[in-house]
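Inside the fold
What follows is the residue order along each chain.
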Amino acid sequence: MIDVLVVDDDFMVARINSGFVGKVDGFRVVGTAGTGEQALTRVGELRPDLVLLDLYLPDLFGLDVIGRIRAGGHDCDIIVISAAREMETVRGAARQGVNSYLLKPFDFDDLRVRLERYAARRADLGSVVISSQADVDRVIAGAGPSPSPALPKGMSVETAELVRRELCAAGGTLSAGECASRVGISRVSARRYLEHLVTLGHVRVSLKYGATGRPERRYRWDRP
């Protein structure tokens with residue numbers, strides 16, 4: 001199991017995020033914290049593998065928390081979850097070596113994809129044997145060995161390619177329903193393929209909010 005510490009100054013948000021984490025296989029929440037100082041204490045006490053860290057905390061800025069975690073000798077991984085969109089903040093997080101940066105607001109699938117990707121990289125890096133410069137480069141990049149291109153059970157290479165082509169041809173974003181109509185498959189099937197491409201890092205997701213109901217997930221091809 002991958003032990004997770006959830007840090008957010010809003011206890012309801014922390015509860016929701018903890019619930020999301022609990023739904024992903026292989027992850028468990030071992031604690032929460034509502035301030036930077038609490039987060040530092042919990043990291044020392046609980047020794048989590050991963051910290052989900054909000055940046056806007058009442059006593060410390062999240063990037064400063066990361067610096068103090070590292071100064072304390074803790075090697076836990078960090079995924080930032082924040083509404084902070086400033087370029088300098090995002091660059092600062094990248095310089096601090098965070099594993100991912102998820103903008104608020106988000107839904108369960110947004111976090112699930114990043115947790116599953118993190119778990120896969122963690123497992124891959126754990127099996128790497130350094131025998132060449134390529135191995136060193138993979139470890140430094142945090143990507144691990146190249147993942148298998150095999151599709152999940154029930155998916156076909158031909159349909160995946162059709163979905164990819166429609167996303168590229170769209171020149172913008174598509175919903176699962178729009179993609180399904182273009183490809184000629186069901187909406188449920190289209191979403192499975194789209195979410196798989198998100199997991200691979202080939203597709204970016206955005207949320208479109210309407211007057212009522214849940215936000216609509218929009219997909220955009222995100223590779224050359």
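Residues numbered from 1 in each chain as written. Predicted model: local features only at pLDDT ≥ 70, side-chain atom pairs only at ≥ 80, totals over all residues. Heavy atoms only, no water.

Some remarks on unusual backbone geometry
Filter applied, for reference: Secondary structure counts use DSSP, requiring at least four H or I residues in a row for a helix and at least two E residues in a row for a strand, with both numbered from the N terminus. Summary of the burial criterion: residues with accessible area below 20% of their type's maximum are buried, those above 50% are exposed, and those between are partly exposed, where the area comes from a 1.4 Å probe applied to protein chains only.
Here the residue pair Lys104 and Pro105 is connected by a cis peptide bond, since its omega of -5° sits within 30 degrees of zero. The topology assignment puts Pro105 in the loop between β5 (100-103) and α5 (108-126). In this structure, Arg47 is a non-glycine residue whose phi angle is positive, near 50°. Arg47 sits in the exposed class, given a relative accessible area of 54%.

Some words on helix α8 (residues 176-183)
The test is simple: Read the arc as the range of directions from the helix axis to the C-beta atoms. In what follows, residue pairs with any heavy atoms lying within 4.5 Å of each other are defined as contacts.
Taken together, the buried positions of α8 are Ala176, Cys179, Ala180 and Val183. Buried residues of α8 fall within an arc of 100° about the axis and therefore sit on the same side. As for α8, its buried residues are in contact with α7 (157-170), α9 (187-199) and β7 (216-221).

Observations concerning the sheet that holds strand β2 (residues 27-33)
Quick note on the threshold: Here a strand pair is declared whenever DSSP counts at least two bridges between the two strands. Convention adopted: a line fitted to C-alpha atoms gives each axis, helices being fitted over their contacting stretch, and angles between N-to-C directions are expressed from 0 to 180 degrees.
An order of β2-β1-β3-β4-β5 is seen for the five strands of this open sheet, with the pairing classed as parallel. Unpaired on one side and paired on the other, β2 and β5 mark the two borders of the sheet. Put simply, the sheet's adjacent strands are angled 20° from each other on average, direction ignored. Taken together, the four bridges between strand β3 (residues 50-53) and strand β4 (residues 77-82) define a ladder with parallel strand orientation. Looking at the pairing, Leu53 lines up with Val80 of β4.

Description of the pattern of salt bridges
What counts, and what does not: Whenever a carboxyl oxygen of Asp or Glu lies within 4 Å of a side-chain nitrogen of Lys or Arg, that contact is scored as a salt bridge.
A complete count under the given rule lists 20 salt bridges for this structure. Two residues, Asp109 and Arg112, come together in a salt bridge whose shortest N-O distance is 3.3 Å. One end of the pair is Asp109 and the other is Arg112, both in helix α5 and three residues apart, which spans about a single turn. When its relative accessible area of 16% is taken as the criterion, Arg112 is described as buried. When the shortest N-O distance is used, the salt bridge between Asp110 and Arg217 registers 3.1 Å. Separated by 107 residues along the polypeptide, Asp110 in helix α5 and Arg217 in strand β7 bring together distant segments of the chain. The pair Asp110 / Arg217 is uniform in exposure class, with both members buried. If you follow the salt bridges from partner to partner, you end up with Asp107, Asp109, Asp110, Arg112, Glu116, Arg191, Glu195 and Arg217 in one network.

Observations concerning the nonpolar core
Quick note on the threshold: We define the nonpolar core as a collection of buried residues of types Ala, Val, Leu, Ile, Met, Phe, Trp, Tyr and Cys that are connected through side-chain atoms lying within 4.5 Å of one another.
Ranked by size, the top nonpolar core spans 22 residues in total, and within it Val7, Val51, Leu53, Val65, Ile69, Ile78 and Val80 carry the most contacts. Looking at this core, the elements that each hand over two or more residues are β1 (2-7), α2 (36-46), β3, α3 (62-71) and β4. Sequence-distant contacts of Ile78, that is, excluding residues within four places in its chain, are made with Leu50, Val51, Leu53, Ile66, Ile69, Arg70, Val98, Asn99 and Ser100. In terms of nonpolar packing, the next biggest core, distinct from the first, is built from 17 residues, Val6, Phe20, Leu102 and Phe106 among them.

What to know about the environment of Lys208
Along the chain, Lys208 falls in strand β6 (residues 203-208). Setting aside residues up to four positions removed in sequence, Lys208 forms contacts with Pro215, Glu216 and Arg218.

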